[in-house]
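Here is how the chains run, residue by residue.
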Amino acid sequence: MIEAIAALVGLLVIGAWLLLHHREPERDSRSRIVRRIDEILPQTQCQQCGYGGCLPYAQAILSGNAPIDQCPPGGPVVKRSLAELLGQSNIARLRLSDSEAVDQIVVIDESTCIGCTKCIQACPVDAIVGATKQMHTVIADHCTGCELCIPPCPVDCIDIVRLEPGLERWRWSMPTHLGSERRNHPRI
Ligand code: SF4
Ligand code: SF4
Ligand code: SF4
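Here, residues in each chain are numbered from 1, in the same order as that chain's written sequence. Written order decides the labels, with chains lettered from A and ligands numbered from 1. Per-residue local features are limited, in this predicted model, to residues with pLDDT of at least 70; the limit for side-chain atom pairs, both in listing and counting, is 80 or more; totals at the level of whole chains, interfaces and linings are taken over all residues.

A. Molecular detail of the overall build of the protein. Helix and strand assignments follow DSSP, with helices taken as H or I runs no shorter than four residues and strands as E runs no shorter than two, numbered in order from the N terminus. Helix and strand counts for the protein come out as six helices and four strands. Starting at the N terminus, the α and β elements of the protein follow one another as α-α-α-α-β-α-β-β-β-α. Three classes are used. A residue is buried when 20 or more other C-beta atoms lie within 10 Å of its own, exposed when 12 or fewer do, and partly exposed in between, with C-beta atoms placed from the backbone. Expressed as a percentage of its 188 residues, the buried residues of the protein come to 21%. By sequence separation, contacts in the protein at least 24 residues apart represent 62% of the contacts at least 6 residues apart. For the purpose of contact definition, each residue receives a C-beta atom placed from its backbone, and two residues are in contact when these atoms lie within 7 Å.

Here is the structure:
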């Protein structure tokens, strides 16, 4: 009788050990992917995505509770990187991202700028250049139009510029049917 109980306890312990070690690699790989998603996000912790910060948003993306296009500071660049990282299941989202374009950017009135650098610190995509007490400039091609640099400016010299569609910003829409090559190589 005692041997039977000991054998049963032994089996239970082995079962619990197997269960635990079977789940650990899965947990490890999930946290690795969350970390990689988080590294792509701009880390402003601005909560415009509707989550408490970049990490909770990254966790929600991986759990399938949030789409990849909820981060205004990151704009299309972040969306495309997330689509590439997350692979084939997000090809449809990649198509949406590619057909989108930034519809506004900001410009700095250089004659009013006092060179305080506050806008540089606020920009999540390094789209502003300048040095302390020197005039600052926005690199138009990098700006996602997120407006995060506007509130910190003490002299209110950053303005929004709406962009009109033009030939230089035109993109063909992706075909709705994506061939196997495209599915296997999202950059093609
Ligand atoms: S909107 Fe983007 S930058 Fe802001 S907290 Fe969410 S993920 Fe981070
Ligand atoms: S320059 Fe301003 S609006 Fe443009 S990406 Fe940076 S913070 Fe956003
Ligand atoms: S926050 Fe305003 S004043 Fe300060 S550097 Fe940027 S544009 Fe210039």
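There is more to say after this.
B. Layout of the nonpolar core. Only buried residues count toward a nonpolar core: Ala, Val, Leu, Ile, Met, Phe, Trp, Tyr and Cys, linked into one set through C-beta atoms within 7 Å. Of all hydrophobic cores here, the largest spans 14 residues; its most connected members are Val-106, Cys-119, Cys-123, Ile-128, Val-138 and Cys-149. Elements with a contribution of two residues or more to this core: β1 (104-108) and α5 (118-122). Each residue touching Val-106, except ones within four places of it in the same chain, is listed here: Val-138, Cys-143, Gly-145, Glu-147, Cys-149, Ile-150, Ile-158, Asp-159, Ile-160 and Val-161. The next biggest cluster of nonpolar side chains, apart from the first, holds 13 residues, and it includes Leu-41, Tyr-57, Ile-68 and Val-78.

C. Spatial organisation of helix α2 (residues 54-63). Turning to α2, its buried residues are Cys-54, Tyr-57, Ala-58 and Ile-61. Take α2 and look down its axis: the buried residues cluster within an arc of 105 degrees, on one side only. When we speak of the arc, we mean the arc of directions from the helix axis to the C-beta atoms.

D. Summary view of unusual backbone geometry. Even without glycine at this site, Gln-45 takes up a positive phi of about 55 degrees. Counting through the fold element by element, Gln-45 comes out in the loop between α1 (2-40) and α2. Even without being a glycine, Lys-133 presents a positive backbone phi close to 65 degrees. Looking at where Lys-133 falls in the secondary structure, it is placed in the loop between β2 (128-129) and β3 (137-138).

E. Broad picture of the site of ligand 2. Nearness between a residue and a molecule or strand is assessed with a C-beta atom placed from the backbone; a distance within 6 Å qualifies. In the region of ligand 2, 14 residues are neighbours, and Cys-123, Ala-127, Cys-143, Cys-146 and Cys-149 sit closest. Amino acid classes used here: Ala, Val, Leu, Ile, Met, Phe, Trp, Tyr, Cys and Pro are nonpolar; Asp, Glu, Lys and Arg are charged; the rest, including Gly, are polar. When grouped by side-chain class, the residues that make up the shell around ligand 2 number 11 nonpolar, two polar and one charged.

F. Geometry of the confidence of the model for the protein. Across the chain, each position has a pLDDT score giving the predictor's confidence in that residue, from 0 to 100. Mean pLDDT over the protein works out to 79, with 71% of the residues at or above the 70 mark. Overall, residues 90-99 carries pLDDT values under 50, and its contacts beyond four positions in sequence, including any with other chains, amount to 23 contacts. Below pLDDT 50 for its whole length, residues 173-188 participates in 14 contacts with residues either more than four positions away or in separate chains.

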